[in-house]
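Survey of secondary and tertiary structure
Single-letter residue listing:
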Amino acid sequence: MHASLEKLRKFFRLEAENKYANTAVIGGLAKILDFWEAEARNEGLSEDLIQLVASRLRDYQRLTPTSRADTLKGVWKRIQGQIPDAGMPIPVYSENQSTQTTASPAVTPSTPVEERQAPKPKPENNEPRPAQQPRQERKPTPARASSYPGAQTSQTPVALNANLTVLQGVGPKNASSLEKMGMFTLADMLYYFPRRYDDYSQLQPIRSLMYGQVVTVIGQIQSVINRPVRGGKMQIVEVIISDGTGALRINWFNQPWLMNRLSEGMNIAVAGTIEQYLGRLVLNSPDWEPIETEHLHTNRIVPIYPLTANITQKWLRQLMDQVIKFWAPRLPDPLPESIKTSAGLQSLGEAIHQAHFPDSQKALSEARERLAFDEIFYLQMGVLRQKRDWQSVVGRIFDVPEEWLGERIEALPFTLTGAQKRTVDDVCVDVGSGRPMNRLIQGDVGSGKTVVAALAAMMITRNGAQAAIMAPTSILAEQHLRNFSSLMTGDGLLQEDQVRLLTGDTSAGDRASIQEGLASGHVKVLIGTHALIEDPVVFKDLQLTIIDEQHRFGVDQRAALRAKGTNPHLLVMTATPIPRSLALTLYGDLDISVMDEMPAGREPVATHVIKPQERERGYSLISSQIEAGHQAFIVYPLIEESEKLESVKAAVDDHERLSREIFPKLKLGLLHGKMKPDEKDCIMTDFRDKKYDILVSTTVIEVGVDVPNATVMLIEGANRFGLAQLHQLRGRVGRGGGESFCLLVPDHADAAENARLQAMTETNDGFKLAELDLKQRGPGEFLGTRQSGYATNLKMASLTDVSLIEKARNHAQKMFEIDAELKAPEHALLSEALERFWGRSGDVS
Ligand code: ADP
Ligand code: MG
């Protein structure tokens, strides 16, 4: 492979790792052009590729990190297109996600910047004519229910349900590409938002153009020539346009068909970045169109959509324009006028229109606000409904005599913290209320949620009823079994065989005896993994279900466990410290007990940020801890699914390197996400049982697993994590009392980034760190944590601020007080939209 490309790739990678801060090369990425262009030319790289790289890198400094990421990715993709052995794609880090509008999971991230320049064969059936109305002769067949809020109500024109083939220029082939992107119907298109925008809204006279500007220019074509270069290997279509103030040269590389479409005297608009060639200003491969047609791609803020391979940006944009222009104004708005007025919101149609083709940056942000409001509003309405629903059914009353509870607490091997006591009291009240308990215990790792859960189980079993506890992995389930058994069995308590474990590994014989015991009522407590819901277990009288690490389970799984009893009490536990403002929105249907206090005597994990070049210091701390008989974690980041392989590779490679070079005398275990669940469980168990000194791992190390002997954790790539996430990881150490350490190693020694990490050294309070995350990174990270079907509907909300979320919540609450059932005629549409939003997800616990 070409050395010049190898170098380029290295720099791109480094830059990606530096989060596109333009720090990969001293003086900025453009500096490499000093030597690179010549080297690339020597190696025989094509001129258009060289020009492309040169022009992109020259612009690089002016771009936002998001655009930089797109640019580098795009450039590399172009290179790969021409030179297939150019190597792996460069990684993209999640930082960019927060600024993207939407990327439907089905969509492969594409090369938005380059799409504009890339010479592409025309899509089938040519480009859509800007037909105002989709052809109607084909009967609209409902293709698939759209899941987006407000997209559909009884007043939504049926035509919006039509398959995309009703559009001119969309045949079965294009339709199937669009389906891969999540668009089945016209309605889906309305909610397929751009991932970013290019702002071409400033039109410029040619005389005032300056190098580096992103501009739209209108001019008349003075000349068009097609020039073969490099011995005929390549062709340049060279056009000169003039607007009376000056002339500008435009080059299109390898798009000879343009000769048939451009002619002298024609007026065109071109949009792109002004570059320099031999001292003259030029535009290379700009977007263009004849100015008789509307300036779809130019002279405005241009939407850039996430794409799949077979579809071009320009084609999709034109299709979108056709659909949006016609349908957005015809879209009924389910949100009542009164709410729009008092919340200061645009109409739905306007918001959809502006989200696709914004008139200005301000209009765009107003559109986003409206759409995000919808998401939170519907979410909240549903959550409130759910709360009302469970409050309307009867739950068995369990009396908890104070004296009995006092004794149980007295018998514990430690004194409860104030937070634990308060939470136990909350649970007492709940189970005695006559309504099913529906409580979330939110407590930092190590805050002692398990013992509270065990006390709750005792309140139930002392009256002869049964309790089930579901944990995400068998190692956690086993840990719970040990804890519950030691707390719940003994003299005057349950017998050993009344507290049982059910996982995938449980033998057939044990299974049979467990099933029998549950049916007869002898087994009082069943602890296990999802085997609890997969197995045909039948309880005699299940009155309490407990779900640990609730975010690890889907809606259906939680509902399935609950369905094993009749309106049983429910306790869910999470260690994710969600800021209060968001917790109310996401968990508004649950009562929340916050355990914000650590058991006494627990020493905070001493946390240090160390520079990458000081890693050795970290290794020597690890060595000395291991010499003292302890164990260590070394963790590698995994931010996105797409990086899974990279991260696994990092862990695998480093496991090898560390074993060989750094810790040749120690035993190193390896754990990563590509392993099967029981393989992971096995490694984790071996580590707990001290068969390894060091566990090298991606972030899959199990939340909640106690390895009291582990006293030090080194986290590589720490800058890529949210603080709350780092805090969760850090919670794996320091569980045994005594000194413990967490070493954060960022990818680079960048000062600003490390200042953020510094907060980790200052506090051990997960909630404080979560609040900081919320300020620095926005709510996106938290909105996904509930993982209950609807989280995927929160596309816009993750881009907004907390005050908007609160505004939407308040309005939903008010609406719920006025008309909970949405029975009023003016709320009919809202009611339908709400059903739609929640249609697919029933239980939300
Ligand atoms: P988490 O909230 O993360 O699930 P656990 O329930 O696993 O935390 O508790 C972590 C450790 O703290 C366990 O070893 C548990 O026995 C211990 N623990 C719980 N409560 C107390 C307490 N009040 N005082 C001392 N140790 C406690
Ligand atoms: Mg736990």
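Residues numbered from 1 in each chain as written. Chains lettered and ligands numbered in written order. Predicted model: local features only at pLDDT ≥ 70, side-chain atom pairs only at ≥ 80, totals over all residues. Heavy atoms only, no water.

Once that is clear, we can look at the site of ligand 1. Within the structure, ligand 1 sits among 16 residues, and Thr415, Gly446, Lys449, Thr450 and Arg602 are positioned closest to it. Ser447 places a main-chain nitrogen or oxygen 3.5 Å from an oxygen atom of ligand 1. Thr450 places a polar side-chain atom, nitrogen or oxygen, 2.7 Å from an oxygen atom of ligand 1. Taking 570 Å² as the accessible area of ligand 1 by itself, protein coverage stands at 82%. When each cavity is represented as a set of grid points, ligand 1 is found to reside in the second largest pocket. When its residues are assigned to classes, the shell around ligand 1 shows four nonpolar, seven polar and five charged. (Near = heavy atom within 4 Å. Polar contact = N/O pair within 3.5 Å; in protein donor to acceptor, adjacent residues only side chain to side chain. Areas by Shrake-Rupley, 256 points an atom, 1.4 Å probe, with all protein chains shown as cover. 1 Å grid on protein atoms, 1.4 Å probe; cavity = no way out; pocket = protein on both sides within 12 Å on 5 of 7 lines; lining within 4 Å. Sits in = over half its atoms within 2 Å of the grid points. Nonpolar A, V, L, I, M, F, W, Y, C, P; charged D, E, K, R; others polar.)

Let us look at the pattern of salt bridges. Under the criterion given, the structure shown has 28 salt bridges. One salt bridge connects Asp333 with Arg370, and the closest N-O pair in it is separated by 2.8 Å. Placement of Asp333 in the loop between helix H8 (313-327) and helix H9 (337-343) and of Arg370 in helix H11 (residues 361-391) is noted, with a sequence separation of 37 residues between them. With respect to burial, Asp333 and Arg370 carry one shared label: buried. Between Asp430 and Arg439 there is a salt bridge, with the nearest N and O atoms lying 2.5 Å from each other. Asp430 sits in the buried class, given a relative accessible area of 9%. A relative accessible area of 8% places Arg439 in the buried class. Each member of the salt-bridge network shares a partner with another, and the members are Asp333, Glu337, Lys340, Arg370 and Asp374. (Salt bridge = Lys/Arg side-chain N within 4 Å of Asp/Glu carboxyl O. Helix = DSSP H or I, 4+ residues; strand = E, 2+ residues; numbered from the N terminus. Buried < 20%, exposed > 50% of the residue type's maximum accessible area, 1.4 Å probe, protein only.)

Let us now look at the side chain of Asp374. Tracing the backbone through its elements, the reader meets Asp374 in helix H11. Look past the residues within four positions of Asp374 in its chain and what remains in contact with it is Leu335 and Leu348. (Contact = heavy atoms within 4.5 Å.)

We now examine the layout of surface pockets. Roughly 980 Å³ of volume is contained in the second largest pocket. Lining the second largest pocket are 44 residues, and of these Gly446, Gly448, Arg602, Asp706 and Arg735 sit closest to its centre. Among the elements that take part in the lining of the second largest pocket, helix H15 (residues 474-488) stands out by supplying seven residues, more than any other. When grouped by side-chain class, the residues that make up the lining of the second largest pocket number 17 nonpolar, 16 polar and 11 charged. (Points joined across faces, edges and corners; volume = space filled by probe spheres on them.)

This part is about the sheet that holds strand E19 (residues 694-697). Overall, parallel pairing links the six strands, which are arranged E16-E21-E20-E17-E19-E18 in an open sheet. If you trace the sheet from one side to the other, it starts and ends with strand E16 (606-609) and strand E18 (668-671), each paired once. If you compare each strand with its neighbour and ignore which way they point, the axes differ by 15° on average. As paired strands, E16 and strand E21 (residues 741-745) are joined by four bridges and run parallel to one another. Bridge pairing in E21 links Val609 to Leu744. Contacts from helix H20 (residues 615-627) reach strand E17 (631-635), E19, strand E20 (710-716) and E21, with the element oriented near 160° to E20. (Pairing = 2+ DSSP bridges. Axes fitted to C-alpha atoms, helices over the stretch in contact; angles between N-to-C directions.)

Glancing now at H15. Taking 1.5 Å per residue as the helical rise, H15 with its 15 residues ought to reach 21 Å, and the 20 Å between its terminal C-alpha atoms agrees with that figure. Where H15 is concerned, the buried positions are Ser474, Ile475, Leu476, Ala477, Gln479, His480, Phe484, Ser485, Leu487 and Met488. Looking at the buried positions of H15, the neighbouring elements they touch are helix H14 (449-461), strand E10 (466-470), strand E11 (499-502), strand E12 (525-528) and helix H22 (677-688). Gly490 lies just past H15 and shows a positive phi near 135°. (Expected span 1.5 Å × (residues − 1).)

On average, residues of the protein carry a pLDDT of 81, and 84% of them reach 70 or more. Within the model, the stretch residues 787-791 combines pLDDT values under 50 with 17 contacts to residues more than four positions away or in other chains. Segment residues 840-845: pLDDT under 50, and 21 contacts once partners within four positions in sequence are set aside and those in other chains are kept. (pLDDT = per-residue confidence, 0-100.)

A few words now on the packing of aromatic side chains. For any pair of aromatic rings, the description consists of the separation of the ring centres together with the inter-plane angle of the planes. Following the criterion strictly, the structure yields nine aromatic pairs and no others. Ring centres of Tyr192 and Tyr305 lie 6.3 Å apart, and the angle between their planes is 20°; on these two criteria the pair is classed as stacked. Of the two residues, Tyr192 is situated in the loop between helix H7 (186-190) and strand E1 (196-199) and Tyr305 in the loop between strand E8 (301-304) and H8; the sequence distance between them amounts to 113 residues. Taken individually, Tyr192 and Tyr305 each receive the classification buried, so the pair is uniform in this respect. An aromatic cluster of at least three residues, connected via ring pairs, comprises Phe373, Phe377 and Tyr378. One Lys or Arg, Arg330, reaches over the ring of Phe326 and ends 3.7 Å from the middle of that ring. (Phe/Tyr/Trp six-rings, centres within 6.5 Å; stacked < 30°, edge-to-face > 60°. Lys NZ or Arg CZ within 6 Å of the ring centre and 35° of its normal.)

Attention shifts here to helix H1 (residues 3-17). Between its terminal C-alpha atoms H1 stretches 21 Å, which fits the 21 Å expected from 15 residues at 1.5 Å a residue. Of all the positions in H1, only Ser4, Leu5, Leu8, Arg9, Phe12, Glu15, Ala16 and Glu17 are classed as buried. Turning to H1, the residues buried within the fold contact helix H2 (33-42), helix H3 (47-60) and helix H4 (65-82). One or two steps after H1, the chain reaches Lys19, where phi turns positive at roughly 55°.

So, about the sheet that holds strand E13 (residues 542-547). Pairing is parallel across the open sheet formed by seven strands, whose spatial order is E11-E12-E10-E13-E14-E9-E15. Each edge of the open sheet is held by one strand with a lone partner, namely E11 and strand E15 (591-595). Ignoring which end each strand starts from, the neighbouring axes of this sheet average 20° apart. Sheet analysis places E10 next to E12, joined by four bridges and oriented parallel. By the bridge assignment for E12, Ala467 is matched with Val525. Those strands touched by helix H13 (residues 418-431) are strand E9 (438-443), strand E14 (569-574) and E15, and its axis lies near 160° from that of E15.

Of all the seven residues making up strand E4 (residues 247-253), six are buried; the element is thus mostly covered by neighbouring parts of the structure. With seven bridges joining them, strand E3 (residues 234-242) and E4 adopt antiparallel strand pairing. Within E4, the position partnered with Ile241 by the bridge is Leu248. Counted between consecutive antiparallel strands, the loop separating E3 from E4 contains four residues, among which Gly244 sits at a positive phi close to 90°.

This part covers the environment of Asp399. Looking at the element boundaries, Asp399 is found in the loop between H11 and helix H12 (402-410). Spatially, the C-alpha atom of Asp399 lies 8.7 Å from that of Asn463, the residues being 64 residues apart in sequence. Those residues within four positions of Asp399 in sequence are excluded, and the remaining contacts are Arg462 and Asn463.

In this section: the nonpolar core. By size, the foremost hydrophobic cluster in this structure holds 91 residues, and its most contacted members are Leu178, Leu316, Ile352 and Phe377. The leading source of residues in this core is H11, at 11 residues. Not counting residues up to four positions away in its chain, the partners in contact with Phe377 are Leu335, Ile339, Ala808, His811, Ala812, Met815 and Leu830. (Core = buried A, V, L, I, M, F, W, Y, C linked by side-chain atoms within 4.5 Å.)

What follows deals with the packing of H11 against helix H27 (residues 802-818). Two numbers describe how H11 lies on H27: the axes approach to 8 Å, and their chain directions differ by 45°. It follows that H11 is oblique to H27 by the angle criterion. In the packing of H11 onto H27, the handedness of the crossing is right-handed. Contact residues: H11 offers Glu369, Ala372, Phe373, Ile376, Phe377, Gln380, Met381, Leu384, Arg385 and Arg388, while H27 offers Leu804, Ile805, Lys807, Ala808, Arg809, His811, Ala812, Gln813, Met815 and Phe816. Tallied by class, residues from the contact of H11 with H27 come to 12 nonpolar, three polar and five charged. (Parallel < 35°, antiparallel > 145°, perpendicular 65-115°, else oblique. Left-handed = near helix turned anticlockwise from the far one by under 90°.)

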